[in-house]
Amino acid sequence: MSMLNRSTTRPRPLRAVAAAAAAASLLLLAACGPGGPTAPEGQVSSGPDLSAFHDQELDWGSCEDAATNEADAALFANPDLECATAEVPIDYTKPDGDTGRVAMLRLPASGEREGSLLLNPGGPGGSGNNFVAALVEMWQATPVAERYDIVGFDPRGVGATTPRAECFTDQELDEGSGFRIGAVYDITSADEAEYVAERCVEGTGGAEALTSISTMNTVRDMDVMRAALGEEKLTFLGYSYGSELGEKYVKTYPENVRAVVIDGAISPDITASEFRLSQYVGIQAAFDDLAATCAESPECVLGPDPDAAVESLHSLLEPLAETPAPTEAGREVSIYDAYIGIIGALYAESNWPNILTALDELEAGRADALLALRDTYFSRGPDGVYGLDYDSNVATRCMDWPVLSPQEQTAFAREIADTAPMFDLDAFTQEYHHECEAWPAGPEEPDAASSPSADVPSADAPGAEIPSTLVVSVTGDPVTPHAGGVAMARELGGSLLTVHGKQHGAYLLGGSDCVDDAVESYLLDLETPKEDAECSLP
């Protein structure tokens, strides 16, 4: 059993950086959600021979050539970090065909090494390489980094990994082109959907490369990385979308699992649309809490009545739908930019004052603070390069999720607006077409709840032998609701650590020794928390 009352308190460097990372890296709105059932382990092991990929030797060296932007170049120059790439099949049914390369970055263990901790920071679209490098000092202060190499990777479609999803240029994103999301993606015709698909096929290197970018292929890549790292069994930490990767890995390769931590869990037993709706409910709840706190101040930009705060928000932001606001940087802030910046800052209560500051400045005719929130969410660097964008996100989900008809997509946008009134704007409730409508191939897997597979191992399936896992779930998480953590722990038959607070992501990012000690006891010694274990964020 885990000792949750250890008295040792570690130094907590880079707390502000951690909060920013939590908001910018863990999740893309509407990104998370069930991707469907996994392939049974027996099918994977009886497939094509992957021994050449499993037996490859990773050539660890300088990270000088691993960065894709100036910010990462500065982070990756840290001499404590090493980089390598792992070769993987583009198509796992054709291992002798074209291959891609997964970019990996590690912080080697500072003491006697016992293995590797592979991690994913969320998305789809989040860079594990950036996540490790940005928080390297925090990792170095943990006992995990004494005994384990901390290994990040850029999943398929992301960062320095190939194939990389490329639909729109950074300049186009600055200009307001590309994927824009309010309640759903702003695609209002079949021609627009066709144009988007053509751009993604061309930019990513062809239809085969584009349609290889999926959650299930990332899970398969993780098993190649496990073997290439020399690990008989995987030790994994997945935040947010990473919870989906962890769940699928556990179910697909149960015999290859040592330990899996899921932080910010996605419910495995609901459809993609149901989960997306739950995200908007969580975002609305976080905004309502912000409004209530703001109302305590006589000068609150949202007004003294929390019940009228949504109306106040609309009055401030709705004009941006017709006339984007200029900034001193020479860029404009659209209603989509404003909303995504606010949503990102709602991920952690510590960032809420930044929302109020941005709204205050907008009311005074300045939009630069809103632009800064938007750029933080997308990890846009001073060089204009985006560390996080929707290209890889959409590419992944087009191979994960069912495509909705125009009627279904339009009705879904309306349902979101009815459920989360901060999104009840004319700009967000038009007639829409699905972003994947013209994709060159359909989803690899059916939707989880609508098309269950009796062949998929589950926690209560005879002979499944799913190893022990740990789910960390924050009660006030605005984008991966606590109910999802409860469902995930039940699905995997694992332990649940309930964390009281209002934040997305708790381990390392929440400043709680209680959480960190529980996770580390499990990662290092496989000691799980006692039943009904609870922690609180400060």
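Thresholds, definitions, all that
- Residues numbered from 1 in each chain as written.
- Predicted model: local features only at pLDDT ≥ 70, side-chain atom pairs only at ≥ 80, totals over all residues.
- Heavy atoms only, no water.
- Buried < 20%, exposed > 50% of the residue type's maximum accessible area, 1.4 Å probe, protein only.
- Helix = DSSP H or I, 4+ residues; strand = E, 2+ residues; numbered from the N terminus.
- Pairing = 2+ DSSP bridges.
- Contact = heavy atoms within 4.5 Å.
- Axes fitted to C-alpha atoms, helices over the stretch in contact; angles between N-to-C directions.
- Parallel < 35°, antiparallel > 145°, perpendicular 65-115°, else oblique.
- Left-handed = near helix turned anticlockwise from the far one by under 90°.
- Nonpolar A, V, L, I, M, F, W, Y, C, P; charged D, E, K, R; others polar.
- Disulfide = S-S within 2.5 Å.

Draft legend 1. Up close: the pairing of strand E4 (residues 148-153). Among the six residues that make up E4, six are buried, leaving the element largely enclosed by the rest of the structure. Residues of E4 alternate between two faces, with Tyr148, Ile150 and Gly152 on one and Asp149, Val151 and Phe153 on the opposite face, all of them buried. As judged from the four bridges shared by strand E2 (residues 99-107) and E4, these two strands associate in the antiparallel manner. Looking at E4, one finds that leucine 105 is bridged to glycine 152. Where strand E3 (residues 115-120) meets E4, five bridges bridge the pair, whose relative direction is parallel. Bridge pairing links glycine 115 to tyrosine 148 in E4.

Draft legend 2. Quick peek at helix H21 (residues 482-492). By the burial criterion, the buried members of H21 are Gly484, Gly485, Ala487, Met488, Ala489 and Leu492. Where H21 is buried, its residues touch helix H12 (241-252), strand E6 (257-263), strand E9 (470-474) and strand E10 (495-500). Positive phi shows up at glycine 493, right after H21, with a value of about 65°.

Draft legend 3. How the structure looks around the packing of helix H13 (residues 272-294) against helix H20 (residues 406-419). Taken N-terminus to C-terminus, the directions of H13 and H20 make an angle of 30°; their axes are 9 Å apart at the nearest point. With respect to H20, the axis of H13 lies roughly parallel. For H13 against H20, the interelement crossing comes out right-handed. Residues Ser273, Arg276, Leu277, Tyr280 and Val281 of H13 lie in contact with H20, whose contacting residues are Phe412, Glu415, Ile416 and Thr419. The class makeup of the residues in the contact of H13 with H20 is five nonpolar, two polar and two charged.

Draft legend 4. Geometry of the state of the cysteines. The final tally for this structure, using the stated rule, is five disulfides. Residue pairing for cysteine 294: its cysteine sulfur links by disulfide to cysteine 300, the two sulfurs lying 1.8 Å apart. The S-S bond linking cysteine 294 to cysteine 300 shows a torsion near 115°; that makes this disulfide right-handed. Classification of cysteine 300 as buried rests on a relative accessible area of 11%. Disulfide pairing places cysteine 398 opposite cysteine 436 at an S-S distance of 2.0 Å.

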